[in-house]
Amino acid sequence: MRTLPRLDADNRAFWTGGKDNELRLLRCQDCARFIHPPRPVCRYCLSENVAPEAVAGTGVIDTFTVNYQKWHPAMEVPFVIARVAIDGAPDVILTTNIVGCAVDAVDIGDRVRVTFEQQDDVYLPLFEKIA
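Residues numbered from 1 in each chain as written. Predicted model: local features only at pLDDT ≥ 70, side-chain atom pairs only at ≥ 80, totals over all residues. Heavy atoms only, no water.

**Student:** What is the right way to read the nonpolar core from this model?
**Tutor:** In a soluble, globular protein the nonpolar side chains are often hidden away together inside. In this structure, L23, L25, I86, V92, L94, I98 and F127 are the most contacted members of the largest nonpolar core, which totals 24 residues. For this core, the secondary-structure elements that each account for two or more residues are helix 1 (12-16), strand 1 (23-28), strand 5 (79-86), strand 6 (93-98), strand 7 (111-119) and strand 8 (122-129). Not counting residues within four places of it along the chain, the set of residues in contact with L94 comprises F14, L23, H36, A82, R83, V84, I86 and F127. (Core = buried A, V, L, I, M, F, W, Y, C linked by side-chain atoms within 4.5 Å. Buried < 20%, exposed > 50% of the residue type's maximum accessible area, 1.4 Å probe, protein only. Helix = DSSP H or I, 4+ residues; strand = E, 2+ residues; numbered from the N terminus. Contact = heavy atoms within 4.5 Å.)

Written out as structure tokens, the structure reads:
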């Protein structure tokens, strides 16, 4: 079980997009830049005209580490914590987990795609390698 985020008006589209199998990021409707983490004002042009937009849900592993520390009794180790640069959303890098493969099969530069883990009303975006 993972700690879940508190949903609010700014982040709801990101954390619930998995219900429709979509990775949704906020995008400024004035300067067209993606904003992550979600916030009500564009960090580039300060516009309040931001709205969620589905992105491809694919990307590249920028860097990663393997965690062997069991921080909670229910936690399964080892697991991969990675930074994924999202295709089509320049400057957006998500910190996430790589799932569906052995930890020693993960490498920098690997292509990945989003998959979602549902817990309550939250759909956690995790990534798996593209074969």
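**Student:** I tried to follow unusual backbone geometry on my own but got confused; where do I start?
**Tutor:** In terms of backbone geometry, most residues other than glycine have negative phi values and most peptide bonds are trans. The linkage connecting H36 with the following residue, P37, adopts the cis geometry, with an omega of 5 degrees. In this model, V77 is joined to P78 through a cis peptide bond whose omega is 0 degrees. When you line up the elements, P78 lands in the loop between strand 4 (58-67) and strand 5. Although it is not a glycine, D120 adopts a positive phi angle of roughly 55 degrees. Assignment of secondary structure puts D120 in the loop between strand 7 and strand 8.

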